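# Summary of structural features
What follows is each chain in one-letter form.
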Amino acid sequence: MTLRESFLKKAWYAAAISTEVDEIQLFHRKILGKSVMIYRLADGTPVALHDRCPHRFAPLSMGKRVGDDVSCPYHALRFNGQGQCTHNPHGKGHIPQAAKVDTFPLVERYGFLWIWMSEATPDLELLPDYSRLEQGPETGVAWTYMNLPVNYELIIDNVMDLSHIDHVHGEIITTRGQLSPKVPQIRETPTTISARWEWTQQPAMMIFAPFMPQPQAEARQFFDISWYASATIQLTVAATQEDGEGFEGALDQYDLHTCTPADPFNTHYFFATRRNHVEEDGEYNQLKIAAMHAAFEDEDGPLVKAVQAEMGDADFFSLDPVLMSNDVAPVKVRKLLDRMIREEAAEAIIAAAAQ
Amino acid sequence: MTLRESFLKKAWYAAAISTEVDEIQLFHRKILGKSVMIYRLADGTPVALHDRCPHRFAPLSMGKRVGDDVSCPYHALRFNGQGQCTHNPHGKGHIPQAAKVDTFPLVERYGFLWIWMSEATPDLELLPDYSRLEQGPETGVAWTYMNLPVNYELIIDNVMDLSHIDHVHGEIITTRGQLSPKVPQIRETPTTISARWEWTQQPAMMIFAPFMPQPQAEARQFFDISWYASATIQLTVAATQEDGEGFEGALDQYDLHTCTPADPFNTHYFFATRRNHVEEDGEYNQLKIAAMHAAFEDEDGPLVKAVQAEMGDADFFSLDPVLMSNDVAPVKVRKLLDRMIREEAAEAIIAAAAQ
Amino acid sequence: MTLRESFLKKAWYAAAISTEVDEIQLFHRKILGKSVMIYRLADGTPVALHDRCPHRFAPLSMGKRVGDDVSCPYHALRFNGQGQCTHNPHGKGHIPQAAKVDTFPLVERYGFLWIWMSEATPDLELLPDYSRLEQGPETGVAWTYMNLPVNYELIIDNVMDLSHIDHVHGEIITTRGQLSPKVPQIRETPTTISARWEWTQQPAMMIFAPFMPQPQAEARQFFDISWYASATIQLTVAATQEDGEGFEGALDQYDLHTCTPADPFNTHYFFATRRNHVEEDGEYNQLKIAAMHAAFEDEDGPLVKAVQAEMGDADFFSLDPVLMSNDVAPVKVRKLLDRMIREEAAEAIIAAAAQ
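Thresholds, definitions, all that
The written sequence of each chain sets the order in which its residues are numbered from 1. Labels are handed out in written order, letters beginning with A for the chains and numbers beginning with 1 for the ligands. Local features in a predicted model are, by the rule used here, given only for residues with pLDDT of at least 70; side-chain atom pairs are given and counted only at 80 or more, and totals for whole chains, interfaces and linings are based on all residues. The side-chain numbers reported here are obtained from all heavy atoms of the structure, hydrogens and water having been left aside. In this description, contact between two residues means that some pair of their heavy atoms is separated by no more than 4.5 Å. Values labelled buried area give the accessible surface lost by two parts on being combined, using a 1.4 Å probe and summing over both. One speaks of a salt bridge when a side-chain nitrogen belonging to Lys or Arg is within 4 Å of a carboxyl oxygen belonging to Asp or Glu. Think of a polar contact as two N or O atoms within 3.5 Å of one another; within protein, one of them needs to be a possible hydrogen donor and the other a possible acceptor, and neighboring residues in sequence only count if both atoms come from side chains. Numbering goes from the N terminus for both helices and strands, where a helix is a DSSP run of H or I of at least four residues and a strand is a run of E of at least two. When residues are grouped by polarity, Ala, Val, Leu, Ile, Met, Phe, Trp, Tyr, Cys and Pro land in nonpolar, Asp, Glu, Lys and Arg in charged, and all others, Gly among them, in polar. Note on classification: 1.4 Å probe, protein chains only; a residue is buried when its accessible area is under 20% of the maximum for its type, exposed when over 50%, partly exposed between these limits. Here the copies are matched by least squares. The fit uses the C-alpha atoms of residues with pLDDT of at least 70 in both. Paired strands, in this sense, are two strands between which DSSP finds at least two bridges. Each axis is a line fitted through C-alpha atoms, and for a helix only the stretch in contact is used; angles between axes span 0 to 180 degrees, taken between their N-to-C directions.

### Here's the deal with the interface of chain A and chain C
Listed by partner, the interface residues are 30 residues for chain A and 23 residues for chain C. Note on chain A versus chain C: buried area summed over both sides is about 2200 Å², and carbon and sulfur give 60% of it. The three residues of chain A that bury the most area against chain C are A:E310, A:V322 and A:M324, which together make up 32% of that side's buried surface. Counting across the chain A and chain C interface gives three salt bridges. Residues C:R52 and A:E310 are paired through a salt bridge, measuring 3.0 Å at the closest nitrogen-oxygen approach. For the interface between chain A and chain C, the tally reads eleven residue pairs in polar contact (both at pLDDT 80 or more). Secondary-structure elements contributing two or more residues to the side of chain A that touches chain C are α1 (152-160), α2 (165-168), α3 (282-311) and α4 (328-354) of chain A. It is α3(A) that contributes the most residues to the side of chain A that touches chain C, seven residues altogether. Along the lines of polarity and charge, the residues of the side of chain A that touches chain C split into 18 nonpolar, seven polar and five charged.

So this is what it looks like as structure tokens:
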């Protein structure tokens, strides 16, 4: 049984960090197997087009901007941001009716450009509210991007099972062995899977300890993660030294891990993080995002790549994984995502038959 | 529908520029998926053999010359230019009857070694007359070679539709926008497709202007191209400032673009050019061929490679290209070549059935 | 007909040179398509495990040793040398019954770790006696290893037909043209193929000549090689200047060439050599193994790689090789090995049907 090659289409995928795309350059990224060109109109509106001229299939992103239009690098057909051909320098300049480029709806939120790759009407209800990222000063939030040559579900597995933290990562986010023995509380909706761990450690994680009332003292902490189809995990981690059970006034960090498959074996991995402490220190902010990027790239990265190499194109469950208490959340995600993909495919078949 | 993997066999392909092959070295090139060794006998006669010892399949081109024969690098079986084994150092020296290497007919003309890869009798009528290349001084003609990791039909498309010139190439051969609006005149025979553009521009293309009576004045120009199966395009470009319609006495350049598939995704691209002006200047000749080589490698090359990457192994027409007036000639070539390949395959099946 | 992708399972393959594996590091090697981890327990006992955690398929060899156990690099499941999970840091620490890793029997002999990849009971009778390697001082024996990106049978072909020596290798082991004309004597058993050449040359091979009574005089020599399934060739070469027919008191060299397929197109090539002269000179010993390694890597290597490239994934016999007297031994090996693989596969099918 080989790896699923289809992706969930009716979902918002991060196409780019907002700052990756500007009003000057033509930006290219492969998304769900398709070449996509993204750029901003003069008024800043981002647009996404199939990065393939319908004439002879040259990538439009190798072309030139002509105002808000793009001129193909090969024979200079020109297209506007709606994918319509606006200029044909050949012959009498007649524009064939078929001279159109597919466009993809984009929404700019939370510092990302989110793309809708389905032919169905885009459904903004399917883009969760991550507005916490936008609340607070600019020096308290950061974004990063990396490309990993692995199937995206291996990255979801990685984040959905935080029990790897003490074994893979270093001192800075260690739970001092407290996390692994905890079985997370699971919450489910028809389209989401969440998990929550609460524990006590001394001192708190080093990302919090220096900023707590008693840096060396014990702290109560939690991780709370929620998966949203098809490949976004919102993770909150917090620490407090207040008595009781709640986390009001806790130091926290609100992260987004979101994966966009380039193809079945390559994934765009985006990460964003907002914190409610040391919010005004731009230098700290830079160091922090660089450290997190390095942790993914240097610590998780080699592992998921090695797992991918070992799995080849085999389907995860076909290899009979030995599953344990720490696998509840990632396995629920795999099964729910699988069901959603199959249901979407079935709907498409029924819709096609009805025509 | 995936890319056609078969090639037209009954055709002459450029195997090498004449100067690539000498009486000392054993030259290797992959042609239509086959390893071919080419070398010259002591009297200069070029020979082409399957570059594979029939014993244990070592490439003979890794071996040594022994007079006009070649000794296999592995166990020293020796073969002559007719592919016959002439020496077996093993046992009693008996030469097995099967110890033969396929040979391929070669013809040396126009500065190229042309190879015939079909098992049918080679037909010299199928090698067009490009003798214009041989007329004039040595300093008025030049050849070059490059390897492009693309299907050869993408290179034919490129040359058969010269409307790309103003959009892809630089100042030196610009038509100042005159070419694209022209719909070329098409001429057809059962085995060739030709196209001709005539226009006026001021000044003439920079390859001509400095050598014209009035360098800054208007000139009449033409491009005339003819495709010959399976992958050669003869292109003439000319400019004149004489009144009237003819081009007698015009400055011109006579080029040959000829492609030899190594395999479906790799192509040997050969180019030759002869001009009727500045014919005695060897330094200019060098600069000119270097500039043309650079244009193909640096300007057309990235585009056809990007198109190949975008098309993958899909057949051109299966991707529903939007075709325009400038596509008439290349589309006619694709269709005619496709018909010739299918007819040749059908003949082979009929011939096999008749045996 | 494409290359056989199955391997003989009931056989001992060299997994590593003994010195490649120690009590500190976790050693990885791909064998018959499987990832294998090898390490030594504190008492020196070598163990081999499937290099894949049964939980999420991370390579255990990227993990850490914990005494005689190994901790997975991803979620820290711990396994002992018998492949049994001994520690689960997650939840209540329950160890699932399925939390086991396949192990592979290892035998350490003749300076190698030999691995048994079949699920059948390991049969030590199938490991031939190469104890000559262990007889004599340490400075008279050496081992080396290289990886060649070729099918292992091409390396067996190479060694089983020594007629290539005068044509591929340099002065140091030349037979001065004496070997090729000899047809070797073949000896066969149901599971082995041997070949022997005897001849006279002057002077002896340079590996012997300087150590003979009369360095420049004629010498009698022999090569004797025996193939053992699936990929080991024991080669003895000797030289004497005594009258008569025997080789008592001759200078000799006793070599082992043993191949372990990583996969159908990549082979671990191990070599060991023992000599009965200059046995106490460690510096000479170093130079000698380095020279032999270089001969395989620089002289045989490029040839077998070129042959592999030319053959692609085609089966050897499907290409209709022209076979000669020097091919008797290697062809007998190919046919016997093929029969053994087919018989083993048939037995497996019968056994499965009987269950």
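Continuing now.
### Structural notes on helix α1 (residues 152-160) of chain B
Where burial is concerned, most of α1(B) is hidden: nine out of the nine residues are buried. With a side-chain oxygen lying 3.0 Å from the backbone nitrogen of B:E153, the N-terminal cap of α1(B) falls on B:N151.

### Quick look at the side chain of B:D252
Residues and elements named next belong to chain B. Here D252 is to be found in strand β17 (residues 251-263). Here R132 takes part through its side chain, which lies 2.8 Å from a polar atom of the side chain of D252. In this view, D252 contacts R132, F208, T236, V237, A238, R274, R275, N276 and H277; residues no more than four positions away in its chain are not counted.

### Some words on the interface of chain B and chain A
If you look at the interface, chain B gives 30 residues, while chain A gives 23 residues. Applying the counting criterion to the chain B and chain A interface returns three salt bridges. Measuring nitrogen to oxygen at the nearest pair gives 3.0 Å for the salt bridge that ties A:R56 to B:D157. Counting every contact that joins chain B to chain A gives eleven residue pairs in polar contact (both at pLDDT 80 or more). Looking at the side of chain B that touches chain A, the elements that each hand over two or more residues are α1, α2 (165-168), α3 (282-311) and α4 (328-354) of chain B. Take the side of chain B that touches chain A: its biggest share by element is seven residues, from α3(B). Residues that form the side of chain B that touches chain A fall into these classes: 18 nonpolar, seven polar and five charged.

### Quick word on the relation of the copies chain A and chain C
Mapping chain A onto chain C calls for a screw motion: a turn of 120° about the axis and a shift of 0.0 Å along it, with 0.0 Å RMSD after fitting. Overall, the copies show the geometry of a three-fold rotation axis. Among all C-alpha atoms of chain A, that of A:D313 lies closest to the rotation axis, at 12 Å.

### Remarks on the sheet that holds strand β14 (residues 192-201) of chain C
Residues and elements named next belong to chain C. Here we have seven strands laid out as an open sheet, ordered β12-β18-β17-β16-β15-β14-β13, and antiparallel in their pairing. Edge positions in the sheet fall to β12 (141-148) and β13 (185-188), since each has one partner strand and no second. Strand-to-strand, the axes of this sheet are offset by a mean angle of 15°, without reference to chain direction. Examined bridge by bridge, β12 and strand β18 (residues 266-275) share eight bridges and lie antiparallel to one another. By the bridge assignment, Y145 is partnered in β18 with F270. The strands that helix α3 (residues 282-311) touches are β12, β17 (251-263) and β18; relative to β12, the one it contacts most, it runs at about 25°.

### Points about the pattern of salt bridges
Considering all chains together, one arrives at 48 salt bridges over all chains under this definition. Here the salt bridges do not stand alone but share partners, grouping A:R56, B:E153, B:D157, B:D327 and B:R334 into one network.

### Remarks on the sheet that holds strand β18 (residues 266-275) of chain A
All names here are of chain A. Spatially, seven strands are ordered β12-β18-β17-β16-β15-β14-β13 in an open sheet, and the strand pairing comes out antiparallel. In this open sheet, the two strands that pair with only one neighbour each are β12 (141-148) and β13 (185-188). Strand after strand, the sheet turns through a mean of 15° between neighbouring axes, direction not considered.

### Structural notes on the pairing of strand β2 (residues 27-31) of chain C
All names here are of chain C. Alternating positions in β2 separate cleanly, F27, R29 and I31 being buried on one face and H28 and K30 remaining unburied on the opposite face. Across five bridges, the pairing between β2 and strand β3 (residues 34-40) is antiparallel. Residue pairing in the sheet places F27 in a bridge with I38 of β3. Counted between consecutive antiparallel strands, the loop separating β2 from β3 contains two residues, among which L32 sits at a positive phi close to 50°.

### Some words on the pairing of β14(C)
All names here are of chain C. Among the ten residues in β14, eight count as buried, and that is most of the element. Judged from the four bridges that link them, β13 and β14 form a sheet pairing that is antiparallel. If you follow E188 over to β14, its bridge partner there is I193. A loop of three residues connects β13 with β14, the two strands running antiparallel in sequence. Sheet topology note: the β14/strand β15 (residues 219-228) ladder contains ten bridges and is antiparallel. Note that in β15 the partner of T192 across the bridge is Y228.

### So, the environment of A:M340
All names here are of chain A. Its location among the elements puts M340 in helix α4. Overall, M340 belongs to the buried group, its relative accessible area being 17%. In this structure the C-alpha to C-alpha distance between M340 and T191, which are 149 residues apart in sequence, comes to 8.5 Å. For M340, the contacting residues outside a window of four places in its chain are L8, T191, W227 and A229.

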